[in-house]
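What follows is each chain in one-letter form.
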Amino acid sequence: MEVVTAMGIRALISQGGSCRWQLDSVLERLGKTGLLWLVLVVPATATTVAQVDHQRFLQADREPGNWLTHGRTYDEQRHSPLRQIHADNVAQMGLAWSFDTNTNRGLEATPIVVDGVMYLTGTWSQVYALDARSGELLWEHDPQVPREIARKACCDVVNRGVAVWQGKVFVGTLDGRLLALDAASGKTLWSRMTVDPAQAYTITGAPRVVKGKVLIGNGGAEYGVRGYVGAYDADTGELAWRFYTVPGNPKEGFENEAMAMAAETWSGEWWQLGGGGTVWDSMAYDPELDLLYIGVGNGSPWNRLLRSPEGGDNLFLSSIVALRPDTGDYVWHYQVVPAETWDYTATQHMILADIPWQGEAGKETRKVLMQAPKSGFFMILDRETGELLSAEPFVEVNWASHYDLSTGRPVENPGQDYRDGKALVKPSGGGAHNWQPMAFNPDTGLVYIPAMETMMAYQGLTEMPYQPGLRHLGVDRSEAPLGDELFHQILQKKVARGHLLAWDPVKQRPAWRVDQPLAWNGGVLSTAGNLVFQGTADQRFVAYRADTGEQLWQTPTQTGVMAAPVTYTVDGEQYVTVLAGWGGAFGLMAGVKPPPGPKRSRVLTYKLGGQATQPPVPQPEPFPEPPPRSGASELVIEQGSRLFASYCSFCHGVGAISGGATPDLRHLEPALHEAFQQIVREGAFQGLGMPGFGDVLDEEEVASIQAYLIEKAHEDKALRETPEWLLAIKRWLYEVITWLITLLLGGSSSSA
């Protein structure tokens, strides 16, 4: 009798179509006896896959070998009790398996692992189910997101993961749908459009499931939308409730008392540009208090003088809001940055924990919510009431001097809101910490933060014409970076840096830090093995001692890592998985040149004694010769530079320096230059994710962008052909100049 594994049968069933004959052949060979055996020993069927319910979520610590929800547990601590891999043996870890996705773009997902099956997402909201032991593909689902949606996506065509519930896998798609998939086959069970597709909404965040309701937010604040979070029935997809985070037009009435209250904190006609406040990433749930916590994003536009000209705090922008998960009713809020004007979102990862805290009778245990938001202060709230307990800077900050605990408000430094012109602000709009998840280790009592030291020059606009489907920041982002490419690379790596920071929330100070050469490093995993795992922007996966920060192990990943790792067991053996794929906001925009050679975004899984290897990185293709200079005047090239910065750099990099996930437009083939107008204005490559811009750019403007790119192509060729001895002199000179610049700026900064 032939032995057919549960995984193999599931793979055949789920593939269907061309593989159906294989299943029929297997069943024919098994015969009646084999079928009876199969029924008895192979329980993995469509009715038993991913059978996760509320009770199982609540008791996640009883099955540490699974990773059931986005943060492993409802409290989002991202700490695993597993300890088979520990500080004394992690050096023996090696690659167990890898799985290539169909892209070289950014991967941000946290995998979900249930009973030996891994569920994850890639770019364009594609979903994969893998055998967690071998990496074998069980099924994949392509939701067929229209590629022109890329124009609405501020920060890459990424997705941060799925949720599971009672045999279903849920995913939010970039074009705003919420899908329920059969966990055994990947087939669509139901689909709901959660946004107005006529507006510039997107979804990149991972859904959560609480008591049979699927929770999903959206993105698009810069594009002029009104933020909200919605709850959908897991069985039917019907909308259960929706909570808006900013008020709408008062003449149309308010949805609830919370919106009426929030409207008192706005002025002007804010609703014309939606107001912003999208719930694009973080949520957490406390089952004892029955409170759902959502993080709310930035305003639309950023510039508060344009958004709400007569002042006001602009609730619930940059706020943490507590809701009832059954009804969406408002309970309390805390506004992290009142009247935010720097893109300082409060959507960053929230962690729930019970920690010792100073009380009237000495130390007492407090139920807290912890967040390291973009603004650079580590926030600790009482999660029952929303009271601010602590707000200490975890990076260099100059927009505010401190938080007044008696009022719960920051004390802003004069002039940093750029109302009087340009202001150099720390941290930048990219933040001191972005979406990459933190982790909390209850054994060490430390929170591990992928922190960034950044700075940005803000210059406010006095007026801002509305352009549907485009960013509305209210600040001037049309300046090109300083100097040539070599100068920019050296300066960027000096002024935008990252570090892994271990923060002691009780002592309210750092415990240790590990400096990293680049910003935008990956999310963090903590384990009971006294380990912290993190991937890095410079293409490594690293393990540190959780108590001291000592580096214990590292391995190359062949591409930058943004996603957070997870750990799980199959048949008693512990694995650690991370998604490696470079991109996201910084990866696309910053103009940081990657190492040479094409990259592949893939899933990497490690175990003790793993012996697998990654495929070698292919050799880079030779660069095409740049076309002859167009003869355009300096004025035309300058116009092209400003237009490129305003419309193109968000995907193709400042200074036309690609981060590697999208084409480097300095290296276009001659045929693409010939079709440049058709590509940029008419959307000839729309199906590849390059939408047309003919509604905002005329033929002459596109020609100026092309002239600018040709000029940059010649500069790039000249740099590549510079003798090494001369490059060494230039590098030395640029190192000195950039050191002086950073000294004058007072530390780290960012131009992207």
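All values reported here derive from a predicted model rather than from experimental measurement. (Residues numbered from 1 in each chain as written. Predicted model: local features only at pLDDT ≥ 70, side-chain atom pairs only at ≥ 80, totals over all residues. Heavy atoms only, no water.)

### Some remarks on the side chain of E340
In this structure, E340 sits in the loop between strand 18 (330–335) and strand 19 (350–359). With no salt bridge to any partner, buried E340 finds its closest opposite charge in R307, at an N-O distance of 4.3 Å. Sequence-distant contacts of E340, defined by excluding residues within four places in its chain, comprise N298, G299, W302, R304, R307 and S318. (Helix = DSSP H or I, 4+ residues; strand = E, 2+ residues; numbered from the N terminus. Buried < 20%, exposed > 50% of the residue type's maximum accessible area, 1.4 Å probe, protein only. Lys, Arg positive; Asp, Glu negative; His and termini not counted. Salt bridge = Lys/Arg side-chain N within 4 Å of Asp/Glu carboxyl O. Contact = heavy atoms within 4.5 Å.)

### Focus on the nonpolar core
Counting 94 residues, the largest nonpolar core has M118, Y119, V169, F243, I294 and F533 as the members making the most contacts within it. In terms of residue count, strand 36 (residues 573–580) provides more of this core than any other element does, five residues in total. Beyond its immediate sequence surroundings of up to four residues, F243 is in contact with Y228, V229, N256, A258, M259, I294, F316, V321, L323, G328 and Y330. M350, A372, F440 and V447 belong to the second-largest nonpolar core, a separate cluster that totals 53 residues. (Core = buried A, V, L, I, M, F, W, Y, C linked by side-chain atoms within 4.5 Å.)

### Section: the pattern of salt bridges
Evaluation of the coordinates by the stated rule reveals 47 salt bridges. Taking the shortest distance from any N to any O, the salt bridge between E288 and K367 comes out at 3.2 Å. Of this pair, E288 sits in the loop between strand 15 (283–286) and strand 16 (291–295) while K367 sits in strand 20 (residues 362–371); the two residues are 79 residues apart in sequence, bridging distant segments of the chain. Classification of E288 by relative accessible area gives exposed; the value is 61%. Overall, K367 belongs to the buried group, its relative accessible area being 18%. Members of the salt-bridge network, linked through shared partners, are E485, K593, D664, R666, D716 and R720.

### Observations regarding the environment of L525
Mapping L525 onto the fold places it in strand 31 (residues 524–527). It is 6.4 Å that separates the C-alpha atoms of L525 and V566, two residues lying 41 residues apart in sequence. For L525, the contacting residues outside a window of four places in its chain are W67, R78, A439, L531, V532, F533, P565, V566, T567 and V576.

### Quick notes on the sheet that holds strand 6 (residues 137–141)
The strand order 3-4-5-6 describes an open sheet built from four strands, whose pairing is antiparallel. In this open sheet, the two strands that pair with only one neighbour each are strand 3 (112–114) and strand 6. Neighbouring strand axes in the sheet, compared pairwise and without regard to direction, differ in orientation by 15° on average. Pairing of strand 4 (residues 117–121) with strand 5 (residues 127–131), which is carried by five bridges, proceeds in the antiparallel orientation. Residue pairing in the sheet places L120 in a bridge with Y128 of strand 5. (Pairing = 2+ DSSP bridges. Axes fitted to C-alpha atoms, helices over the stretch in contact; angles between N-to-C directions.)

### Remarks on empty space enclosed by the protein
Tallying each qualifying case throughout the model produces four cavities of 30 Å³ or more. By volume, the largest cavity is sized at about 600 Å³. Lining the largest cavity are 40 residues, and of these C154, C155, D343, K374 and A585 sit closest to its centre. Residue lining of the second largest cavity: H70, E76, R78, E108, T110, R160, R208, D281, S282, H349, W435 and P437, and that is the complete set. (1 Å grid on protein atoms, 1.4 Å probe; cavity = no way out; pocket = protein on both sides within 12 Å on 5 of 7 lines; lining within 4 Å. Points joined across faces, edges and corners; volume = space filled by probe spheres on them.)

### Structural notes on the state of the cysteines
Following the criterion strictly, the structure yields one disulfide and no others. Here C154 engages in a disulfide with C155; their sulfurs sit 2.2 Å apart. Here C154 and C155 share a disulfide; its torsion about the S-S bond, -100°, makes the bridge left-handed. Sulfur of C648: no disulfide; nearest cysteine sulfur belongs to C651 and is 8.9 Å away. (Disulfide = S-S within 2.5 Å.)

### Topic: the sheet that holds strand 9 (residues 177–182)
Backbone-to-backbone hydrogen bonds join strands into a sheet, with any given pair of strands oriented parallel or antiparallel. A sheet is described by the order of its strands in space; here four strands give the open sequence 7-8-9-10, paired in antiparallel fashion. Whereas interior strands pair on both sides, the edge strands pair on one side only; in this sheet they are strand 7 (163–165) and strand 10 (188–193). Across the sheet, the mean angle separating the axes of adjacent strands is 20° when strand polarity is ignored. Alignment of strand 7 against strand 8 (residues 168–172), held across three bridges, turns out to be antiparallel. Directly across from A163, in strand 8, lies its bridge partner F170.

### Details of the side chain of K494
Looking at where K494 falls in the secondary structure, it is placed in helix 6 (residues 485–495). Not counting the four nearest positions on each side in its chain, K494 is found in contact with E735, T738, W739 and T742.

### Details of the packing of aromatic side chains
Tallied over the full model, the rule gives 31 aromatic pairs. Judged by centre distance (5.3 Å) and plane angle (65°), the ring pair of Y228 and Y244 falls under edge-to-face. Taken together, the residues Y228 in strand 13 (residues 228–233) and Y244 in strand 14 (residues 239–244) connect sequence positions 16 residues apart. Note on Y228: relative accessible area 4%, which makes it buried. Residue classification places Y244 among the buried positions, given a relative accessible area of 18%. Pairwise contacts between aromatic rings join W342, Y344, F377, W399 and Y403 into one cluster. (Phe/Tyr/Trp six-rings, centres within 6.5 Å; stacked < 30°, edge-to-face > 60°.)

### Quick notes on helix 8 (residues 634–647)
Given a rise of 1.5 Å per residue, 14 residues ought to cover 20 Å, and the 20 Å separating the end C-alpha atoms of helix 8 matches this to within 8%. Taken together, the buried positions of helix 8 are occupied by I637, G640, S641, L643, F644, A645 and Y647. Elements in contact with the buried residues of helix 8: helix 9 (649–652) and helix 12 (699–720). (Expected span 1.5 Å × (residues − 1).)

### What about the packing of helix 6 against helix 13 (residues 724–745)?
Taken N-terminus to C-terminus, the directions of helix 6 and helix 13 make an angle of 40°; their axes are 9 Å apart at the nearest point. By the angle class used here, helix 6 and helix 13 are oblique. Crossing hand, helix 6 versus helix 13: right-handed. When helix 6 is examined against helix 13, the residues L486, F487, I490, L491, K494 and V495 are found in contact with a partner set consisting of L727, K730, R731, Y734, E735, I737, T738, W739, I741 and T742. Partitioning the contact of helix 6 with helix 13 into residue classes produces 10 nonpolar, two polar and four charged. (Parallel < 35°, antiparallel > 145°, perpendicular 65-115°, else oblique. Left-handed = near helix turned anticlockwise from the far one by under 90°. Nonpolar A, V, L, I, M, F, W, Y, C, P; charged D, E, K, R; others polar.)

### Re unusual backbone geometry
A negative phi angle characterises most non-glycine residues, just as the trans form characterises most peptide bonds. For the bond from S300 to P301, the omega torsion is -5°, close enough to zero to count as cis. By the element assignment, P301 lies in the loop between strand 16 and helix 5 (304–307). The omega torsion of the bond from K426 to P427 falls at -5°, within 30 degrees of zero and hence cis. Relative to the assigned elements, P427 resides in the loop between strand 25 (422–425) and strand 26 (439–441). Non-glycine residue D290 carries a positive phi angle of around 55°. At W520, a position not held by glycine, the phi torsion is positive, near 65°. Here W520 is to be found in the loop between strand 30 (509–516) and strand 31.

### Focus on a nonpolar patch on the surface
A cluster of nonpolar side chains, contributed by W732, L733, V736, I737, W739, L740 and L743, occupies part of the molecular surface with about 710 Å² of accessible area. Mapped onto the fold, W732 is located in helix 13. (Patch = residues over 30% accessible without salt bridge, like charges linked within 9 Å, V, L, I, M, F, W, Y side chains within 5 Å. Areas by Shrake-Rupley, 256 points an atom, 1.4 Å probe, with all protein chains shown as cover.)

### A look at helix 12
Its 22 residues give helix 12 an end-to-end C-alpha distance of 31 Å, which sits within 8% of 32 Å, the value for a rise of 1.5 Å per residue. Taking the backbone nitrogen of E700 as reference, a side-chain oxygen 3.2 Å away marks D698 as the first, capping residue of helix 12. (Polar contact = N/O pair within 3.5 Å; in protein donor to acceptor, adjacent residues only side chain to side chain.)

### Quick word on the pairing of strand 22 (residues 388–393)
In terms of strand pairing, strand 21 (residues 377–382) meets strand 22 through five bridges, oriented antiparallel. Counted as the bridge partner of I380 is S390 from strand 22. From the end of strand 21 to the start of strand 22, which pair antiparallel, there are five residues, and G386 there has a positive phi angle of about 85°.

### Thoughts on the confidence of the model for the protein chain
Per-residue pLDDT for the protein chain has a mean of 91; in total, 92% of the residues score no lower than 70. Within the model, the stretch residues 1–46 combines pLDDT values under 50 with 50 contacts to residues more than four positions away or in other chains. Long-range and interchain partners of residues 748–752, a stretch whose pLDDT sits below 50, account for 25 contacts in this model, where long-range means more than four residues apart. (pLDDT = per-residue confidence, 0-100.)

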